[in-house]
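# Structural overview
Here are the chains, one letter per residue:
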Amino acid sequence: MWMSTVARLALPALQRSTSAMTRQALRACRRPGPTAAPLPPCLVSLHLRGRHTLESASLPVSRHLVRHVRALDDDRQMEVEWEDGGHSLYPFTWLRDNCQCPLCTLQSAQARTLLLADLDIHTGVDVVEVTNDNKVSIVWPDQHVSVFDAEWLKKRCFSPAARLAMQEELFLNRRYYWDSTLRIPSADFDEVLRDDKAALAWLLALRRVGMVYLKGAPAEQGQVARLAERIGYLRLTFYGHTWQVQDKPMANNVAYTSGKLSLHTDYPALHFAPGVQFLHCINQAKEGGESEVVDGFHMAEQLQREDPEAFQTLTSLRVDFTDTGTDYCDFMLQSKNCIIDVDADGRVVKINYNNATRDSVLDLPLHQVQPFYRALKAYVDIMNRPENVVTYRMEPGDIVTFDNWRLLHGRKSYISRPERLRHLEGCYLDWDEVMSRLRILRKAVHEDL
Ligand code: OGA
Ligand code: NM2
Ligand code: ZN
Ligand code: ZN
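Reading the values: the criteria
- Starting from 1, residues in each chain are numbered consecutively following that chain's sequence as written.
- A letter from A marks each chain and a number from 1 marks each ligand, given out in the order of writing.
- Restriction of local features to residues with pLDDT of at least 70 applies here, the model being predicted, together with a cutoff of 80 or more for giving and counting side-chain atom pairs; totals for whole chains, interfaces and linings are based on all residues.
- Secondary structure elements follow DSSP: runs of H or I of four or more residues count as helices, runs of E of two or more count as strands, with numbering from the N terminus.
- Each residue is classed by its C-beta neighbour count within 10 Å, where at least 20 other C-beta atoms makes it buried, 12 or fewer makes it exposed, and intermediate counts make it partly exposed; the C-beta atoms are placed from backbone geometry.
- An expected span of 1.5 Å times one less than the residue number is assigned to each helix.
- Under this scheme, a helix contributes an axis fitted over its contacting stretch, all axes are lines through C-alpha atoms, and angles between N-to-C directions fall in the 0 to 180 degree range.
- Oblique is the label for any angle not under 35 degrees, not over 145, and not in the 65 to 115 range, which are roughly parallel, roughly antiparallel and roughly perpendicular in turn.
- Two helices that cross are described as forming a left-handed crossing if the nearer one is turned anticlockwise from the farther one by less than a right angle, and a right-handed crossing if clockwise.
- A pair of residues counts as a contact when their C-beta atoms, built from backbone coordinates, are within 7 Å of each other.
- When residue character is reported, Ala, Val, Leu, Ile, Met, Phe, Trp, Tyr, Cys and Pro are called nonpolar, Asp, Glu, Lys and Arg charged, and the others, Gly included, polar.
- For each residue, a C-beta atom is positioned from the backbone; the residue is called near a molecule or strand if that atom sits within 6 Å of it.
- We call a set of buried Ala, Val, Leu, Ile, Met, Phe, Trp, Tyr and Cys residues a nonpolar core when their C-beta atoms link them within 7 Å.
- Strand pairing follows a simple DSSP-based rule, namely that at least 2 bridges must link the two strands.
- Arc definition: directions from the helix axis to the C-beta atoms.
- As a per-residue quantity, pLDDT reports the predictor's confidence and falls between 0 and 100.

This paragraph deals with the overall build of the chain. Across its full length, the chain holds 13 helices and 23 strands. Looking at the 449 residues of the chain, the share that counts as buried comes to 36%.

Take a look at the structure:
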């Protein structure tokens, strides 16, 4: 059913705008819908929801025809007039820099061989014209010739709308924020390993929603590594390639006890914390050990609205984190991170917070200490509101995959029984590798359609 419906359902979406797709997928996550019977109510199957996530995988297919080109010599730009009446402007310098000919590009690597030393950033043009196969040809003053594909040019249009569309296609930065009413997207472990469409739906939801639940994995070690290999490679840390979350004597981390873990992101003691985390339940405790998650980006947005001063504090003050011990090898980490990282445009991009590894060294002037605690408390109080927290209980064979830059996760304390040890196996990946696989899968699925 999945295989047959996906093409039919996804193709009409190619005409729809990205924002419409985004809204639809957002609704899909919040709205209760028809779910497969065996799933707990907090999970929503990606089989049924797949079309919503796959829609955002759609790549534009329309063919853009060039009506006319002309050189605007005074501005050193080339203007393209499209058949639909639209116009695009391309600076001469950029066009010369991005000549696609075999002299300027190593075709086998799709990489530039033209040296910046050899680029005249004040170049003019001799001739610009449309070829009869819908390409744009430019003859440069030194008689070098560049030929540009119309579709290639269209995608690289410098208008704000085109740039926005291109960046969204590349990075999928638009997220769906959620609260306790989230029905966690879920998929079948084997299907994600086997089927490209299922894998794509998984990674799209992981990016958009921040979390996907996989069911049906064997309850034995090695499964998170298989899943990481489906993407590329995992991220090695001092806790090993994969790591065993168990109640251990002389634990080198609070996670390796039976105690409660308050909402946290993993590894703020690193300046570049792992972007993605997989946790596989091999054995669950009889009493306790339930999991909790919140959408850290959504919580940051709420904090910004309710308490802008606290938001300002947490996005500007750098906090010390520390982690010392021995595992994969011995380690003595120190980091300085803002609790909430924002980009140059003020958008939240990463949460760094684990109360266990927050250092007693606090490199702040005396007068900022109390305001810092007040701000942190305000953020944590918002996170802990019941209307924001999603609670679930992992059972053997379940794997939770989530955005460790965005979600904060925790677990309730549990009663440790040596004869039936609670056991999760985990590993990390980084977003670059996950997004790389997502783009490849999207291209493959798109070409298939
Ligand atoms: C961890 C962690 C969750 C759990 O190991 O960092 O968050 O359920 N574990 O044990
Ligand atoms: N491990 C120990 O920030 C942290 O200490 C998270 C979690 C790998 C499960 C480390
Ligand atoms: Zn060239
Ligand atoms: Zn954790």
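Structure shown, so let's carry the discussion forward.
As a further point, take helix α8 (residues 196–208). For α8, built from 13 residues, the straight-helix expectation of 18 Å at 1.5 Å per residue is met to within 8% by its first-to-last C-alpha distance of 18 Å. Of all 13 residues in α8, 12 are buried; the element is thus mostly enclosed. Where α8 is concerned, the buried positions are Lys 197, Ala 198, Ala 199, Leu 200, Ala 201, Trp 202, Leu 203, Leu 204, Ala 205, Leu 206, Arg 207 and Arg 208.

Bringing the packing of α8 against helix α13 (residues 431–448) into the picture now. Packed helix pairs are characterised by how far apart their axes lie and by the angle those axes make with each other. Running from amino to carboxyl end, α8 crosses α13 at an angle of 135°, the nearest separation of the two axes being 9 Å. Here α8 lies oblique to α13, going by the angle between them. Viewed along their axes, α8 and α13 form a crossing whose handedness is left-handed. Taking contact as the criterion, the partners of Asp 196, Lys 197, Ala 199, Leu 200, Leu 203, Leu 204 and Arg 207 in α8 are, on α13, Val 434, Arg 437, Leu 438, Leu 441, Arg 442, Ala 444 and Val 445. Looking at the contact of α8 with α13 residue by residue, the classes come out as nine nonpolar, no polar and five charged.

Bringing the site of ligand 2 into the picture now. Lining the immediate environment of ligand 2, one finds Tyr 239, Trp 243, Val 245, Asn 253, Ala 255, Asp 266, Tyr 267, Asp 323, Asn 354, Thr 357 and Gly 426. Here the residues of the shell around ligand 2 sort into five nonpolar, four polar and two charged.

This part is about the site of ligand 1. Every residue near ligand 1 is listed here: Val 245, Ala 255, Leu 261, Asp 266, Ser 291, His 409, Arg 411 and Leu 424. The class makeup of the residues in the shell around ligand 1 is four nonpolar, two polar and two charged.

Our focus in this paragraph is the nonpolar core. If you look at the biggest cluster of nonpolar residues, it comprises 79 residues, and the most contacted ones within it are Trp 202, Leu 203, Tyr 379 and Ile 399. Here this core takes nine residues from α8, the largest share from any one element. Setting aside residues no more than four positions away along its own chain, Leu 203 makes contact with Val 434, Arg 437, Leu 438 and Leu 441. Core analysis: the second largest hydrophobic core is formed by 13 residues, Met 78, Val 80, Leu 95 and Ile 138 among them.

Quick look at the pairing of strand β16 (residues 318–326) now. For a regular strand, side-chain orientation follows a simple rule: the groups alternate between the two sheet faces. Sheet topology places β16 next to strand β17 (residues 330–338); nine bridges connect them, and they run antiparallel. Of the residues in β17, the one forming a bridge with Thr 322 is Gln 334. Between β16 and β17, which pair antiparallel in sequence order, lie three residues.

Before going further, it helps to spend a moment on the environment of Ala 201. Structurally, the position occupied by Ala 201 is in helix α8. We classify Ala 201 as buried; it has 29 C-beta atoms within 10 Å. Sequence separation between Ala 201 and Pro 185 is 16 residues, and the spatial gap between their C-alpha atoms is 9.7 Å.

Attention shifts here to helix α11 (residues 308–316). Residues that lie three or four places apart on an α-helix share one face, since the helix turns once every 3.6 residues. Among the residues of α11, those classed as buried are Ala 310, Phe 311, Thr 313 and Leu 314. The buried side chains of α11 occupy one side of the element, clustering within an arc of 160° when seen end-on. Counted as exposed and oriented over 90 degrees from the buried face of α11: Pro 308 and Glu 309. Contact partners of the buried residues in α11: α10 (296–306), β17, β18 (340–342) and α12 (366–383).

Close reading of the predicted structure is inappropriate where its pLDDT is low. Per-chain confidence: the chain averages 90 in pLDDT, with 87% of residues scoring 70 or above. Note on residues 1–38: pLDDT under 50 across the span, and 53 contacts to partners over four residues away in sequence or across chains. Every residue in residues 48–52 scores below 50 in pLDDT, and together they form 15 contacts with partners more than four places removed in sequence or on other chains.

Across a sheet, strands are paired by hydrogen bonds formed along the backbone, either parallel or antiparallel in direction. Strand order in the open sheet made by the four strands is β13-β22-β15-β20, with antiparallel pairing throughout. In the strand order of this sheet, the two ends are held by β13 (261–264) and β20 (390–392), each with one partner. Strand-to-strand twist across the sheet, computed as the mean angle between neighbouring axes with direction ignored, equals 15°. In the sheet, strand β15 (residues 291–295) pairs with β20 via three bridges, with the strands oriented antiparallel. Considered in β20, the bridge of Val 293 is made with Val 390. Those strands touched by α10 are β15 and β22 (407–411), and its axis lies near 50° from that of β15.

Here the focus is the pairing of strand β21 (residues 399–403). Among the five residues that make up β21, five are buried, leaving the element largely enclosed by the rest of the structure. Neither face of β21 is left uncovered, since the one carrying Ile 399, Thr 401 and Asp 403 and the one carrying Val 400 and Phe 402 both have all their residues buried. The pairing of strand β11 (residues 211–215) with β21 spans four bridges and is antiparallel. Residue pairing in the sheet places Tyr 213 in a bridge with Val 400 of β21. Here strand β14 (residues 276–283) runs beside β21; their pairing, made up of five bridges, is antiparallel.

One open sheet accounts for three strands, arranged β7-β8-β9; its pairing is antiparallel. Each edge of the open sheet carries a strand with a single partner, namely β7 (127–130) and β9 (145–149). Across the sheet, the mean angle from the axis of one strand to that of its neighbour is 15°, orientation sign disregarded. For β7 and strand β8 (residues 135–139), the ladder comprises four bridges, and the chain directions are antiparallel. Note on β8: the bridge partner recorded for Val 130 is Val 136.

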